[in-house]
Amino acid sequence: MKVLFKLCFAIVLSLTVSGQAQTKNQLVKELRIDFSNGSAEFSPNKKLVLQNSLKELNNDYSSYKVEICAQTDPLGDVYVNQQVWKARIQSMSSFLVQQGFTVNQFQVIPQNQKELIDVAAPKEDASKRNVVARIYKSSTTKGVVGGLSIEAKHFEVDAEKEQTVVSTSGTKITIPKNAFVDKKGRPIVGKVDLHFVEYRRPVDFILGGLPMDYHHNGEHYDFNSAGMFKITAQQKGTEVYLDPSKSIDMDFPLTADLPDLNFYQLDTVSKKWKEISKLTKEIPKGEQTFNNPNLLSEPFTSSNDKDSIVSSYKVMTICDSVFSHIKLGIAIANDTTHYHQYYYYADKQTMRLYNKEIQMNNIKIKKFGKKADFYQTLEEGYQAQYTFSPAVSNTEGQGFKITLEKSPANVKISKIIWIPEAGSAFSNTDFYNRHWSIDQIVAKADKSYNIVLNDSLGKIELKNVKAFLESSESAKNRDYFLKYTVATLNALAVKKKNADKGLHTNLTIKNNVDKINANYKKYKLDVKGKELQMKCFISDFWKIEKAYMPAEELAMSEEEWVAYFDTHKKELMDRFVAKKGCPEYEKCDKVDKEILIKRKDMNQAVNASAAVVKKLSISALGVYNCDQIRRLENPVEVIASYSDEKGGVIEPVFIYVVDSRLNGILRYDGHYGYSPYRFAYSPTAKTVLLAFDKKGEAYIYNAKQFEALKFEGSKFKHNFSLTKIGMLEDQEALSALIN
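Residues numbered from 1 in each chain as written. Predicted model: local features only at pLDDT ≥ 70, side-chain atom pairs only at ≥ 80, totals over all residues. Heavy atoms only, no water.

1. Some points on the overall build of the chain
(1) Moving on: Tallying secondary structure elements over the chain gives 17 helices and 32 strands in all.
(2) Moving on: Here the chain holds 739 residues, and 45% of them are scored as buried.
(3) Moving on: A separation threshold of at least 6 residues defines the contact pool for the chain, and within that pool the share at least 24 residues apart is 73%. (Helix = DSSP H or I, 4+ residues; strand = E, 2+ residues; numbered from the N terminus. Buried < 20%, exposed > 50% of the residue type's maximum accessible area, 1.4 Å probe, protein only. Contact = heavy atoms within 4.5 Å.)

2. Let's talk about the pattern of salt bridges
(1) Moving on: A complete count under the given rule lists 17 salt bridges for this structure.
(2) Moving on: Taking the shortest distance from any N to any O, the salt bridge between R575 and E553 comes out at 2.5 Å. Highlighted residues: R575 in helix 14 (residues 569-579) and E553 in helix 12 (residues 551-554), separated in sequence by 22 residues.
(3) Moving on: Taking relative accessible area as the criterion, R575 reaches 18% and is therefore assigned buried.
(4) Moving on: Note on E553: relative accessible area 3%, which makes it buried.
(5) Moving on: Taking the shortest distance from any N to any O, the salt bridge between R661 and E633 comes out at 3.9 Å. Of this pair, R661 sits in the loop between strand 26 (652-659) and strand 27 (666-668) while E633 is found in the loop between strand 24 (622-630) and strand 25 (636-643), placing the two residues 28 residues apart along the sequence.
(6) Moving on: If you follow the salt bridges from partner to partner, you end up with E545, E553 and R575 in one network. (Salt bridge = Lys/Arg side-chain N within 4 Å of Asp/Glu carboxyl O.)

3. What to know about the environment of F711
(1) Moving on: Inspection of the secondary structure puts F711 in the loop between helix 16 (703-707) and strand 31 (715-721).
(2) Moving on: You can call F711 partly exposed: its relative accessible area is 28%.
(3) Moving on: Separated by 75 residues in the primary sequence, F711 and V636 have C-alpha atoms spaced 9.9 Å apart.
(4) Moving on: Aside from chain neighbours lying at most four places away, what touches F711 is V636, Y681, P683 and F716.

4. Section: the sheet that holds strand 26
(1) Moving on: Here five strands make up an open sheet; going across it, the order is 27-26-29-30-32 and the pairing antiparallel. Two strands close off the open sheet at either side, each with one partner strand: strand 27 and strand 32 (723-724).
(2) Moving on: In the sheet, strand 29 (residues 687-693) pairs with strand 30 (residues 698-701) via four bridges, with the strands oriented antiparallel. Along strand 30, the bridge assignment pairs A691 with Y699. (Pairing = 2+ DSSP bridges.)

5. Quick look at helix 2 (residues 44-54)
(1) Moving on: Every buried residue of helix 2 is accounted for by L50, S53 and L54. In an axial view of helix 2, the angular spread of the buried residues amounts to 100°, which keeps them on one side of the axis. Opposite its buried face, helix 2 presents the exposed residues P44 and N45, each directed more than 90 degrees away. (Arc of directions from axis to C-beta.)

6. Some thoughts on the packing of aromatic side chains
(1) Moving on: On inspection of all chains with the given rule, the structure shows 30 aromatic pairs.
(2) Moving on: Arranged with centres 6.0 Å apart and planes meeting at 70°, the rings of Y642 and Y677 form a pair that is edge-to-face. Placement of Y642 in strand 25 and of Y677 in the loop between strand 27 and strand 28 (678-681) is noted, with a sequence separation of 35 residues between them.
(3) Moving on: Overall, Y642 belongs to the buried group, its relative accessible area being 3%.
(4) Moving on: Of the residues examined, Y677 reaches a relative accessible area of 34% and is grouped as partly exposed.
(5) Moving on: Through pairs of rings, three or more aromatic residues link up here, namely Y642, Y668, Y674, Y677, F679, Y681, Y701, F706 and F720. (Phe/Tyr/Trp six-rings, centres within 6.5 Å; stacked < 30°, edge-to-face > 60°.)

7. A few points about unusual backbone geometry
The phi angle of most residues is negative, glycine excepted, and most peptide bonds adopt the trans form.
(1) Moving on: Residues other than glycine seldom take positive phi values, yet N178 does so here, at roughly 55°.
(2) Moving on: Accessibility expressed as a relative area gives 39% for N178, which makes it partly exposed.
(3) Moving on: With a phi close to 65°, K447 is a non-glycine residue in the positive phi region.
(4) Moving on: When you line up the elements, K447 lands in the loop between strand 20 (437-443) and strand 21 (449-455).

8. Some thoughts on the nonpolar core
(1) Moving on: Residues V145, I206, W273, L690 and L734 are the most contacted members of the largest nonpolar core, which totals 34 residues.
(2) Moving on: Tallying contributions element by element places helix 5 (residues 202-208) first for this core, with four residues.
(3) Moving on: The next biggest cluster of nonpolar side chains, apart from the first, holds 33 residues, and it includes F196, A226, L242 and L261. (Core = buried A, V, L, I, M, F, W, Y, C linked by side-chain atoms within 4.5 Å.)

9. Describing helix 13 (residues 558-567)
(1) Moving on: Residues of helix 13 that are buried: E558, W561, V562, F565 and D566. The buried residues of helix 13 all sit within an arc of 145° when viewed along its axis, so they share a single face.

10. Focus on the confidence of the model for the chain
(1) Moving on: For the chain, per-residue confidence averages 75 on the pLDDT scale, and 69% of positions sit at 70 or higher.
(2) Moving on: Predicted confidence is poor over residues 1-24, with pLDDT under 50, and the contacts of this stretch with residues over four places away or in other chains come to 56 contacts.
(3) Moving on: Here residues 283-318 is a poorly scored stretch, pLDDT under 50, and it has 78 contacts once near neighbours within four places are set aside; other chains count. (pLDDT = per-residue confidence, 0-100.)

11. Digging into the sheet that holds strand 3 (residues 106-109)
(1) Moving on: Here four strands make up an open sheet; going across it, the order is 1-4-2-3 and the pairing mixed. Either end of the sheet is taken by a strand with one partner, and the two such strands are strand 1 (26-34) and strand 3. For this sheet, the mean angle separating the axes of adjacent strands, direction not counted, is 20°.
(2) Moving on: Bridge count for strand 1 against strand 4 (residues 130-137) is eight bridges, and the pairing is antiparallel. Residue pairing for strand 4: R32 is matched across the bridge by V132.
(3) Moving on: The strands touched by helix 2 are strand 1 and strand 4; relative to strand 1, the strand with the most contacts, the crossing angle is about 170°. (Axes fitted to C-alpha atoms, helices over the stretch in contact; angles between N-to-C directions.)

12. As for the packing of helix 13 against helix 14
(1) Moving on: Running from N to C, helix 13 and helix 14 cross one another at 90°; their axes reach a closest spacing of 5 Å. Of the possible angle classes, the one that applies to helix 13 and helix 14 is roughly perpendicular. Two secondary-structure elements touch here, helix 13 through F565, D566 and T567 and helix 14 through K569, L572 and F576. (Parallel < 35°, antiparallel > 145°, perpendicular 65-115°, else oblique.)

13. Some thoughts on the environment of A685
(1) Moving on: Tracing the backbone shows A685 in the loop between strand 28 and strand 29.
(2) Moving on: Looking at A685, the relative accessible area reads 10%, which means it is buried.
(3) Moving on: As for A685 and D659, which are separated by 26 residues in sequence, their C-alpha atoms are 6.2 Å apart.
(4) Moving on: In this structure, A685 is in contact with D659, S660 and R661, ignoring residues within four places of it in sequence.

In C-alpha cells, the structure reads:
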C-alpha cells in the first residue's frame, strides 16, 4: 500500500504544475465525491458508489485516460487548503489504481491558486469541497493486429552489483554497479526488474507502434533499420532511472551490416528521433535508395528433431485446418510409433506426480508450517496503514487527523484533531508527503501528548500536542475517549513492532518454501515430458479426425481408437492419401513449400549478418535504434478512399505501408501533409497496406492487389477494398500476411 501511495503522490507532485488539459478524447464517465470541511477521506459507502459506476465501463481499463481535479472552499489558511487539495487528489488516485487503472493514465488538473483562499470575503462554500475524475476513451494511436503484441524480456538485476545479461538474440547488456536512481536522484538498492524489447523486422515495428521516420534540416526521411530496442527498469512497480553519471554498455547484433548507419534515441515527449552517433560509413550521394537484400528477420525455428511429429507438423494458420490435418495424419500413419503406450505412461506419471506433491507438502509442513503461518499473520494483520490528513479546529486552528485503514478502531481514532505546538516538525512542507507509523504516544500531566512518528527516513517527535474531539462528541466523554484512543494506538504500535521483528524470519522461511516449490515445479516439468505431451497431441488429433470416421470407429472410445489406429495404419494412410486430391489441398501444399523455401533463405540472410555486432553505450533508459535514413524509390502519390469486401465505407485513423526494400514501416496519420487519404508508396517494390479504424480494427490490402493497380503518372485516385484481419495464432502468421 505504501508503494501505491508513493506512486499516486508522485503523480500529484509532477503534474499539478501542468496546464489545463486539452483533450480530444470522448468523455465516457465522470466520478465525483463531495467532502466535509477539511476532509479527504473516502468512506466505504462512497467507494461502493464509485465501484458500481465503474462497472458500466469495459473491464479492460487500458484504453482510457483520466483527468483528476479537486476543489477546496476558501475558508482557512492557504497552506492548509493546498494540503487538503493534494489529499483529495491522492484519495481518488489511490482508489482508481486499486480498481485496475495505472498511474500513466492520469492527468491532474491544478486548482486555480485564487480559489484556495478569498482574502476579501472568506466564506464557506460546500460546492467546492470535492474531487472529480473524468474518464475518457483514448483515440487509437497504435496498431493492434490479430490480438498480437510484443512482450518484454525481464531480467532481475542487483542494483548494487555490476552485471551482464544476455537476450535471446545475443544482445549483451552490461550494467555498472549503483547504476539506478529514483525520480529524486536517490540511489536504488536491492533488486531491479529490467525490461528489454527488441524490434528487428517489420512485424515488430507494426506491433511496437514506434515512429519510423526522421526529420532533418526540413527534409523528411524514412528509416531502414538494422535493429531497434527499448530498455526500461522498475522496482516494485515504480519506474527507476539511470544515474546520469553512469552508462550501460551493449553488444548489439545488427540484422544487416548497412552503410550510412546512425545511432538514434527517441524523445518520448515529442516522439522525434535524435541522432547520437555515426555507426558505419556513409553512402555517396546519388546512391541513397532502398536496397537491403538481408531483410531484417529473426531466424525461423525449423526443428531438426526427427522423432517429434508434433514439432515437425505444427498446425499452420496460412491455410485451412483440413490441409494441416491431412498432412499430419499422413505423417502419423507413416510413423512406426505405437501411440497407445502413452496412455499407460500418462496414468503412471500422474500417480508419480501425486505422490511427489504429498511428499513436498509434508516437508513444508514439518519444517516451516506453523512458523510460516504465524509470521504471515503478523505481517498481514499488524502492518497498520496510517493516513495523516490536514484538519482545522474551529477554536485551535491548524492540525491533522489520523485514520487507520481496515481497523474497527478507526471510527473513534478519526474523530480526534491533533494540534501540535508552533515550530514543530509538523510545520515542514513535506510532513504529509511521508508515510508515517506511530511509534509511541505519551500522555502528559497537562493533558497534552508527545507523539513519536517514524518512517523509512527516520523518526520525529511532536511535543505538547493538544487533542480535540469533533463537536459531535460530548465534552464529558473527552477524557475517557482520548484515553481509550491513545491506548488503542499504542497497542497497535507494539503489535507493529513485533511484526517487524518477525519479518526477517518470515522472509527466510518464505525463501526456503519457495525453493521447495521450485524443486517440485522442476520435477513436475521433467515428469510431464514426452509421454504426457504425446498423449495430449494424439488426443487432439483424435478429436478432429472424428469428423471423418466411419460409424464403427465413431463407436470406439478415444483410447480404443488410438489402439485401433496403431494396428491399422495402412488403411488410415490410404484414407488420408485419398483426401490429397482436393483442390484446396494442392493450393495449400504449394503455399507451404514456398514458405519453407522463404524461411530457409531468410535464415541464411540472418546467419550471414549475425557476426556483425556493434558496441553501443547509452546514458539514459529509453528507446534507441540503429538505422539508415532513406527516401522512397520512384514514389507515386495516392488519393485514397477505403471500403470493405461488401462495399461498406471504412475510415482509417492511420495506415502502415510495408515496403519490401525497407526494413521498417511507413506510417501515415495526418502529419507532414500525409494521411490515410493521401499517401506515397514505391510501385517498383512489393507493397502491403495495413489500415486501422477508430475502433482499433485492422485491415489489409495485400501485395498482389497492389501489383494489379493500373495508373498513369505520379499521382492517382483509388478506392482500396480491404480485408479485415481476424485473430492470428502468432507473429509468424502476421509475417506471412505482409511478406
